[in-house]
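Coordinates in review
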Amino acid sequence: MRTHLLLSLITITILTAFGYAEPAESTSKPSILITGANRGLGLELCKQYLKQGYIVYGTARKPEKATELQATDTIILPLDVTSQESIDALAQQLRGKPLDILINNAGYFGPNPIGTRMDAIWTLSREEIENCHAVNTMGPLFVTKALIPNVQLGKMKKIINMSTCSSMLSRKGGGAMGYRISKAGLNMVTVVLSAQLKQLDIIVISAAPGHNKTDMGTDMGNLLPSQSMPQLMKVIDELTMEQTGGFWYYNGKNLPW
Ligand SMILES: NC(=O)c1ccc[n+]([C@@H]2O[C@H](COP(=O)([O-])OP(=O)(O)OC[C@H]3O[C@@H](n4cnc5c(N)ncnc54)[C@H](OP(=O)(O)O)[C@@H]3O)[C@@H](O)[C@H]2O)c1
């Protein structure tokens, strides 16, 4: 029995030395999953976390069309956050794999880009409110529910819900109703989950990325994702349990609800 164990150890050492077996370090890399990773802020986060040596899982509704993401070392997984079947399939694929960080980034603004028509009560459609709610509020809630076992296996145990300053109840103004209502709902998801997941040592926050030049943010954004996302990553990196249940701007400022 002892000879057998010794022989196995010698074999593993020789295989590792000649590059045939994975050295232990490669499995101890931190890991992250980012939803909505095929463009915009999600894509930038994938690139930046890869640079930092993370194993990066990035989701896309249509992985075959995610050409920019394909050009990176991101492990691309299919996900539509509005489909429970799709969320279950993702959880199945990730079964037993640790996730240090989960970023619920996928989001939907509505059919009218920022700066065009303001949706108001007179023109509002029920379908639009439901769409925003399904992507921005229920999406992160059920993705998180499915991936809690993975976050528990991770060392950092951090969940980031990508919100927006326009979700703040203290911010007056009347436009983008579906978006703002659904992101305010997301903030409540953060508050409730943070209280429930504290017992599992999991930190949950809402984050606002600033106004970025992306498809959603349009050219009116005053930030490039390559400027804002490294700052947000620093905030995420420095998060402690004292900050769970809070709302943080990309530059580290604590935001009011
Ligand atoms: N850009 C800003 O200035 C700004 C400001 C405040 C907050 N945010 C928030 O930051 C996050 C990222 O914004 P962004 O500017 O990068 O937006 P974006 O350029 O419009 O990208 C949105 C991403 O979400 C994905 N997505 C949409 N619906 C989905 C669904 N049902 N299931 C899965 N993925 C879905 C999109 O996938 P497809 O390509 O398949 O549509 C895309 O990957 C969003 O949550 C947004 O609300 C952005």
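Residues numbered from 1 in each chain as written. Predicted model: local features only at pLDDT ≥ 70, side-chain atom pairs only at ≥ 80, totals over all residues. Heavy atoms only, no water.

**Details of the environment of H211**
Rules: By definition, any uninterrupted DSSP run of H or I lasting at least four residues is a helix, any uninterrupted run of E lasting at least two residues is a strand, and each is numbered from the N terminus. Partly exposed residues are those whose accessible area sits between 20% and 50% of the maximum for their type, while under 20% is buried and over 50% is exposed, using a 1.4 Å probe and protein chains only. A contact between two residues is defined here by any heavy atoms of the two lying within 4.5 Å. Pairing of N or O atoms within 3.5 Å defines a polar contact, subject to two protein rules: one partner must be a possible hydrogen donor and the other a possible acceptor, and residues neighboring in sequence count only if both atoms are side-chain atoms.
Locating H211 in the fold gives a position in the loop between β6 (203–208) and α7 (225–237). We classify H211 as partly exposed; its relative accessible area is 29%. Separated by 10 residues in sequence, H211 and G221 place their C-alpha atoms 4.7 Å apart. Each residue touching H211, except ones within four places of it in the same chain, is listed here: I114, G217, M220, G221, N222 and L223. In terms of polar contacts, H211 uses its side chain to reach the backbone carbonyl oxygen of G217, at 2.8 Å.

**Structural notes on empty space enclosed by the protein**
Any space left empty among the atoms is revealed by the rolling of a water-sized probe across them. Basically, it comes down to this: Here the term cavity refers to a set of points on a 1 Å grid, laid over the protein atoms alone, in which a 1.4 Å probe fits but cannot get out; the term pocket refers to an open set having protein on both sides within 12 Å along at least five of seven lines, with lining residues being those that place an atom within 4 Å of a point. Grid points are joined across faces, edges and corners, and a volume is the space filled by probe spheres set on the points. Just so you know the grouping, Ala, Val, Leu, Ile, Met, Phe, Trp, Tyr, Cys and Pro go in nonpolar, Asp, Glu, Lys and Arg go in charged, and all remaining residues, Gly too, go in polar.
This structure, assessed with the given rule, holds one cavity of 30 Å³ or more. Considered as a void within the structure, the largest cavity measures approximately 40 Å³ in volume. Lining of the largest cavity is provided by T35, V81, N104, N105, A106, V135, G139, P140 and V143. In terms of residue count, the dominant contributor to the lining of the largest cavity is helix α5 (residues 126–153) (four residues). Among the residues making up the lining of the largest cavity, the classes are represented as five nonpolar, four polar and no charged.

**Examining unusual backbone geometry**
Residues other than glycine seldom take positive phi values, yet K157 does so here, at roughly 55°. K157 sits in the buried class, given a relative accessible area of 16%.

**Structural notes on the side chain of S194**
Secondary-structure assignment places S194 in helix α6 (residues 177–197). On the accessibility criterion, S194 (6% relative accessible area) is buried. The contacts of S194, once residues within four sequence positions are left out, are V204, T244 and G245.

**Description of the confidence of the model for the protein chain**
Quick reminder of the rule: pLDDT runs from 0 to 100 and stands for how confident the predictor is about each residue.
Residues at a pLDDT of 70 or more form 87% of the protein chain, whose mean pLDDT is 89. Confidence drops under pLDDT 50 across residues 1–26; counting only partners more than four residues distant or on other chains, this segment forms five contacts.

**Some points on the site of the ligand**
Let me state the cut-off plainly: For this description, a residue counts as near a given molecule or strand if any of its non-hydrogen atoms is within 4 Å of it. Shrake-Rupley sampling with a 1.4 Å probe provides the accessible areas, and residues are treated as covered by the protein chains on show and by no other component.
Inspection of the region around the ligand gives 27 residues, with N38, R39, R61, Y179 and T214 positioned closest. N38 is positioned such that a nitrogen or oxygen atom in its side chain is 2.7 Å from an oxygen atom of the ligand. In this structure, G107 approaches the ligand through a main-chain N or O atom, which is 3.3 Å from an oxygen atom. Look at the ligand: alone it shows 900 Å² of surface, and the protein chains cover 92% of it. The set of elements that each furnish at least two residues to the shell around the ligand consists of α2 (40–51) and α6. Classifying every residue of the shell around the ligand by side-chain character gives nine nonpolar, 13 polar and five charged.

**Points about the pattern of salt bridges**
Inclusion rule: Just to be clear on terms, a salt bridge is a Lys or Arg side-chain nitrogen sitting within 4 Å of an Asp or Glu carboxyl oxygen.
Under the definition given, this model contains two salt bridges. One salt bridge connects R39 with D215, and the closest N-O pair in it is separated by 2.9 Å. Taken as a pair, R39 in the loop between β1 (31–34) and α2 and D215 in the loop between β6 and α7 lie far apart in primary sequence, 176 residues in all. A salt bridge links K234 to E238, with the shortest nitrogen-to-oxygen separation between them at 3.3 Å.

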